[in-house]
Structure formats: structure tokens, C-alpha cells
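Structural overview
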Amino acid sequence: MKFIQTFILTLLCACLVYFGFIYVSQIDQVKKTASPQKAAKENDTALAAEETRSTKKAETTHHSLKGSKKAMDVILYNQMDAPRLYNGCEVTSLAMLLHYSGYEHVTKNKLANEVKRVPLNYENGLKGDPHDGFVGDMENGPGLGVYHEPIYQLAKKYAGDQVVDLTGKPVKKAIYQSLEKGYPVWVITTSTFDKTDNIETWNTPNGKINVSFNMHSVVITGYDKEHVYLNNPYGEKNQKVDRDQFEDSWEQMGSQAIIIKA
């Protein structure tokens, strides 16, 4: 009897060990099967997220380049036409802007006679400040140029409160939104329409300022995603220039911009 009891207990233990081994094996197999499926699912999720990010990035980039404005038919004046204004690109560009706004009788030379002027060199050794007026000799040189403040005041003499100085605004607001509304834009850039290394620091009656003899003024008439179009008072209408390079030069020259809402 004792032998039978021992045998039965041994048999039960063996059964428990056997079924326990089978159970553990099945669990392990389930895990092995599930792991690749889980990994694949996680990989699919990661890919989907990456595609979403890429799509959003592409949409953002496209949006930033979206939009264009066909070049407007703004009259072209050449600063070198008689009577010549060798350094008179700023008033010549202003004359174009005024003509487009209905002030057709205002010539570049009339504006040259009316704009405020300051010396290129003062007796005390200081240099003229283009924020105060045209620096030097506009007609024959030597001269530097003039910044937005005197041009703004001169434009207001004719167009009054319709003149808006957008200097310091982001390029989108100052230039591209203005063009989309039908307003050509007077700006200061460089003669190459790209950033220049020809920068000097001058001591003026108002303190130190950075200037460049490569400064140039034009009227922006249109744009697309790669170019801006401008009336260049050196003698080219709706000249096409690289948009990125122009923006760099415009910002380097102080982000100066004026429009006339007429």
C-alpha cells in the first residue's frame, strides 16, 4: 500500500513538471511571436510620425515661398540723364514712386534741389550723417547718399499722410505685403544687390554710424519666390535680381523702405 502511494505521488509530480514545461514553452512562443509584431507596429508608428513631420515641414516651406506679384509698370528714370545726378539714386527712385502715385510733375532734379544736404566732411573732422541729409555732392561727387528720414520728409511735402515709412519692419511686411497691395517700394540696398564687405564706421555729429559707398536706392516693383523685380535708376526697368541676396543687402543697409498709399 505504501508503495502504491509513493508511486502515485511520483506520477503526479512528473505530470506537474511536464505540464509546467509545456505552459512555459507556450508563453515563451507567444512572446517571441508578439515581439516582432510589436516592433513592426512601433516602427510603422515612427515612420508615420516622421512622414507627418516631413509633410508639415514641406507645407511650411512652401507657404513661406508662396505668393508673387507681377512687376508693376512704374516709370523708369535714369539718374545719369541730363541734368545728371551722379550720386542721386535716392531722389531719382523717389521721383519714380511719386510719378506712380500721380505726382507726375515732380522731377529728380527738383527733388535734388529740395532734399536736405550735409557736408561730406566737417571742419572739425566729423563726417556727414545720411540720416540728416544727403552727404556730399550729389551732382558730381564725391558724395555718399541719403537715408530714409530726409526722403520721407521730402515725399510728405507732396503726398502728405499717404507716405508711410516702413523702415525697420520685417521684409514680408515692408516689401512683399506692400507689393501685394499695389504699392511699389522705395528702398536702400547695395549696387550689387548683395551684402557688401565695403563697410566703414564714421564719426558724425550724432555719433558713430556704419556706412558703405556701395549703397544704392531702387524701387521694388514685384517679386516671386526666387526673385525681386526693381527699377534701377542706373537705367534698367523691372530688373530681375536674386531674392535672398537682395534681402540680405536690404537688411544690411538698415531695412529702409517707404511707400505712398495713393
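**Details of the overall build of the chain**
- In terms of helices and strands, the chain carries six helices and 10 strands.
- Per-residue burial for the chain yields a buried fraction of 39% across its 262 residues.
- Considering only contacts in the chain between residues 6 or more positions apart, those separated by 24 or more positions represent 63%.

**What about the pairing of strand β8 (residues 227–232)?**
- Most of β8 is tucked away: five of the six residues are buried.
- Summarising the sheet, strand β7 (residues 215–223) and β8 pair through four bridges and their orientation is antiparallel. Bridged to Val 219 within β8 is Asn 231.
- Between β7 and β8, which pair antiparallel in sequence order, lie three residues.
- Summarising the sheet, β8 and strand β9 (residues 236–242) pair through five bridges and their orientation is antiparallel. Along β9, the bridge assignment pairs Val 228 with Val 241.
- Taking the residues between adjacent antiparallel strands as the criterion, β8 and β9 are bridged by three residues, where Gly 235 takes a positive phi near 125°.

**A closer look at a nonpolar patch on the surface**
- A cluster of nonpolar side chains, namely Met 80, Tyr 86 and Tyr 234, defines an oily patch on the protein surface of about 300 Å² accessible area.
- The residue Tyr 234 is located in the loop between β8 and β9 in this model.
- You can call Tyr 234 partly exposed: its relative accessible area is 44%.

**Quick notes on the pairing of strand β6 (residues 207–211)**
- As judged from the five bridges shared by strand β5 (residues 200–204) and β6, these two strands associate in the antiparallel manner. Residue pairing across strands places Trp 202 opposite Ile 209, the latter belonging to β6.
- Taking the residues that link successive antiparallel strands as the turn, the β5-β6 hairpin has two residues.

**Regarding the confidence of the model for the chain**
- On average, the chain scores 84 in pLDDT, and the residues at 70 or more come to 75%.
- Taken together, the stretch residues 15–25 has pLDDT below 50 and engages in zero contacts with residues farther than four places along the chain or on a different chain.

**Considerations on the side chain of Ser 101**
- Position of Ser 101 relative to the elements: it lies in the loop between α2 (89–100) and α3 (108–114).
- Classification of Ser 101 as buried rests on a relative accessible area of 16%.
- A distance of 3.1 Å separates the side chain of Ser 101 from the backbone oxygen of Leu 97, its partner in a polar contact.
- Once residues lying within four places of it in the same chain are set aside, the contact partners of Ser 101 are Ile 260 and Ala 262.

**Overview of the side chain of His 216**
- By the element assignment, His 216 lies in strand β7.
- Here the side chain of His 216 touches Asn 232 through a polar contact of 2.9 Å, side chain to side chain.
- Other than its neighbours up to four places away in sequence, His 216 contacts Gln 79, Cys 89, Val 187, Ile 188, Thr 189, Thr 190, Ser 191, Phe 193, Asn 232, Pro 233 and Tyr 234.

**Structural notes on the environment of Lys 116**
- Mapped onto the elements, Lys 116 comes out in the loop between α3 and β1 (117–118).
- For the pair Lys 116 and Val 146, spaced 30 residues apart in sequence, the C-alpha separation works out to 9.0 Å.

Conventions adopted
Residues numbered from 1 in each chain as written. Predicted model: local features only at pLDDT ≥ 70, side-chain atom pairs only at ≥ 80, totals over all residues. Heavy atoms only, no water. Helix = DSSP H or I, 4+ residues; strand = E, 2+ residues; numbered from the N terminus. Buried < 20%, exposed > 50% of the residue type's maximum accessible area, 1.4 Å probe, protein only. Contact = heavy atoms within 4.5 Å. Pairing = 2+ DSSP bridges. Patch = residues over 30% accessible without salt bridge, like charges linked within 9 Å, V, L, I, M, F, W, Y side chains within 5 Å. Areas by Shrake-Rupley, 256 points an atom, 1.4 Å probe, with all protein chains shown as cover. Salt bridge = Lys/Arg side-chain N within 4 Å of Asp/Glu carboxyl O. pLDDT = per-residue confidence, 0-100. Polar contact = N/O pair within 3.5 Å; in protein donor to acceptor, adjacent residues only side chain to side chain.

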